[in-house]
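Spelled out, the chains give:
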Amino acid sequence: MTVVAVLIVIWYVAAVLMNLSLVRGGFEREEAPYTTMELLAGTMIAERPLLPAPHQVVGAFVDGVFGYAPTAPRSLVYHSMVTLSATLLGFALGALLGIVLALAIVHSRVLERSLMPWIICSQMVPILALAPIFIVVLGAIGLQGLLPKSIISAYLSFFPITIGMVKGFTSPDPMQMDLMRTWSATPRQVLSKLRWPSAVPYLFASLKVAITISLIGAIVAELPTGAEAGIGARLLAGSYYGQTIQIWSALVAAAVLASSLIAVVSYAERKVAQRMGARA
Amino acid sequence: MTLLVEPVRMNSTAETTPHIYQSTATRTIAVDVSKVSLTFDTADGKVEALSNVDLQIGGGEFVSFIGPSGCGKTTLLRAIADLQRPSSGTVTVNGMSAEQARLGRNYGYVFQAPALFPWRSIEANLKLPLELMGFSPTEQKQRAARYLALVNLTGFERKFPWQLSGGMQQRVSIARALSFDPELLLMDEPFGALDEIVRDHLNEQLLQLWAKTRKTVLFVTHSIPEAVFLSTKIVVMSPRPGRITDIIDCNFPRDRTLEIRETPEFIAIAQRVRTGLRAGHSYEE
């Protein structure tokens, strides 16, 4: 709580400092006299501030969420839902791909040596550069809207899951593996009875990372192509028209979305851990 | 109840050449180790863990392997369990190769640590080998209950391993090794991590278990009193290279209690074990 309070104070001070020149310029243009108080007050209610004050952002956010019907084009709820659908689909695809790759890598030395370099390379290229290419190419073969965005999200989110699950599937200690060997368990039995349960903590850790990255991917996918809906679209519109408050309220919406997604994954993790005998 | 026939003894102390021991009292040969050598390729050269080991173990015997650290007793046990392949020589278990015996689920293995799966309840841990081997769910439940009762842990079915003490976890591990009724029980210093009091208690329980189930038990230990108390035969080993120094018979009655540890016979055998161990060591220092 103290940290939050300190951050808000710093924010206000910064807002004043950054908007000062803007407001002073405004007064001078109108050739109106101004006092310091009026100057300070001006920084707090500027229409196109450099750095919106916290209350302006909160006001815009509340307005965006509650002030419009959920399907209206100005509603933050509408845009969040659009981005959320792409995020979730991309996350599901990415998780599936990540787990399949991890299973392949763990069970085959050949695949481990051939796939890993490619997997790591795939993450080297900045997604901001790849996203327009993806969308244009997929648009050319007729896929538009939700699917290209989800594919970009999946592309970003499969990586932490692959890395995490490879670690997880190889985490059982040698004694447990020996035990399975003394009972002459088949590799499939070892997978289902030993490797999977051992990998669950790693799974949830990588899911939390993956779902955040998936959200970022969905937003990034909306930026370069001038999408009309979604948080990225809102950011884009805000930057076109100089509506900094709009940008900031969209960012707050993204942050709220990200934390709720992480909360859902954490809740699932707790429930699973209880069933798997975690210490109370 | 003592052995009806006195087995033929071939005593040799501090010899470098191994000898073959054959007991005339037992009916079947459960484990036959013949000229087994095992060399490990490590980063700094070869390590000869076992060198020309010959040993025969009859059915129903309780054999302890004792020796200093690094003498190859665990390696020998693992070779018998087909967890390690010998570089040369053969291991025969119940007339089959070690691998066939493992695939035929002829033995249960107990490690130094309980190695229970922390995400499974105690009952589920006991059922694990039974699930792998395809027992029916009713059979699994019955066996889990029976063997849990055998180690005096009825009522702990729903608990998780972290809720049990080390000694209790090790008892569950022993029950799990027995749950599918193997003919052999291989135990690698199972009580090593426990304190003396719990250890005594578990030694008594293990002996009762052995008397009741009549299994062949191969038991690796560091502790001389434990080895002398539990076994019908003690195999003394020495390191570098790993080899058998001495094989000692113990003819204590099957229903012995901890009091025999103060008897002169016990002390004599313990002394012999100690001499064998010291002789093995003297080749280094």
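Every value quoted in this text rests on a predicted model; they were computed, and no experiment measured them.

Basis of the calculations
- Residues numbered from 1 in each chain as written.
- Chains lettered and ligands numbered in written order.
- Predicted model: local features only at pLDDT ≥ 70, side-chain atom pairs only at ≥ 80, totals over all residues.
- Contact = placed C-beta atoms within 7 Å.
- Helix = DSSP H or I, 4+ residues; strand = E, 2+ residues; numbered from the N terminus.
- Nonpolar A, V, L, I, M, F, W, Y, C, P; charged D, E, K, R; others polar.
- Core = buried A, V, L, I, M, F, W, Y, C linked by C-beta atoms within 7 Å.
- Buried ≥ 20, exposed ≤ 12 C-beta atoms within 10 Å, placed from the backbone.
- Pairing = 2+ DSSP bridges.
- Axes fitted to C-alpha atoms, helices over the stretch in contact; angles between N-to-C directions.

A. Region of the structure containing the interface of chain A and chain B. On the side of chain B, 20 residues touch chain A, which itself brings 15 residues to the contact. Mapped by element, the contributors of at least two residues to the side of chain A that touches chain B are α8 (174-182) and α9 (187-222) of chain A. Ranked by the residues each element gives to the side of chain A that touches chain B, the list is headed by α8 of chain A, at 6 residues. Across the side of chain A that touches chain B, the residue classes break down as 6 nonpolar, 5 polar and 4 charged.

B. View of the nonpolar core. Ranked by size, the top nonpolar core spans 79 residues in total, and within it Ile 80, Leu 186, Leu 218, Val 235 and Val 273 of chain B carry the most contacts. Among the elements that line this core, the one with the most residues is helix α5 (residues 166-178) of chain B, at 6 residues. Among the nonpolar cores identified, the runner-up in size contains 47 residues, and Phe 91, Phe 158, Val 166 and Ile 213 of chain A belong to it.

C. Focus on the sheet that holds strand β8 (residues 216-221) of chain B. Residues and elements named next belong to chain B. Across the sheet, which stays open at both edges, the 6 strands sit in the order β6-β7-β8-β3-β9-β10 with mixed pairing between neighbours. Two strands close off the open sheet at either side, each with one partner strand: β6 (107-110) and β10 (243-249). Across this sheet, the average inter-strand angle for adjacent strands is 15 degrees, counted without regard to direction. Here β6 pairs with strand β7 (residues 184-188) via 4 bridges, running parallel. The partner of Tyr 109 across the bridge, within β7, is Leu 186.

D. Representation of the pairing of strand β9 (residues 233-238) of chain B in the model. All names here are of chain B. The buried fraction of β9 is high, at 6 of 6 residues. Neither face of β9 is open: one carries Lys 233, Val 235 and Met 237, the other Ile 234, Val 236 and Ser 238, and all of them are buried. Note that strand β3 (residues 62-66) and β9 share 4 bridges and pair parallel. Bridging across to β9, Val 63 finds its partner in Lys 233. The pairing of β9 with β10 spans 6 bridges and is classified as antiparallel. Bridge pairing in β10 links Lys 233 to Asp 249. Taking the residues between adjacent antiparallel strands as the criterion, β9 and β10 are bridged by 4 residues, where Arg 240 takes a positive phi near 45 degrees.

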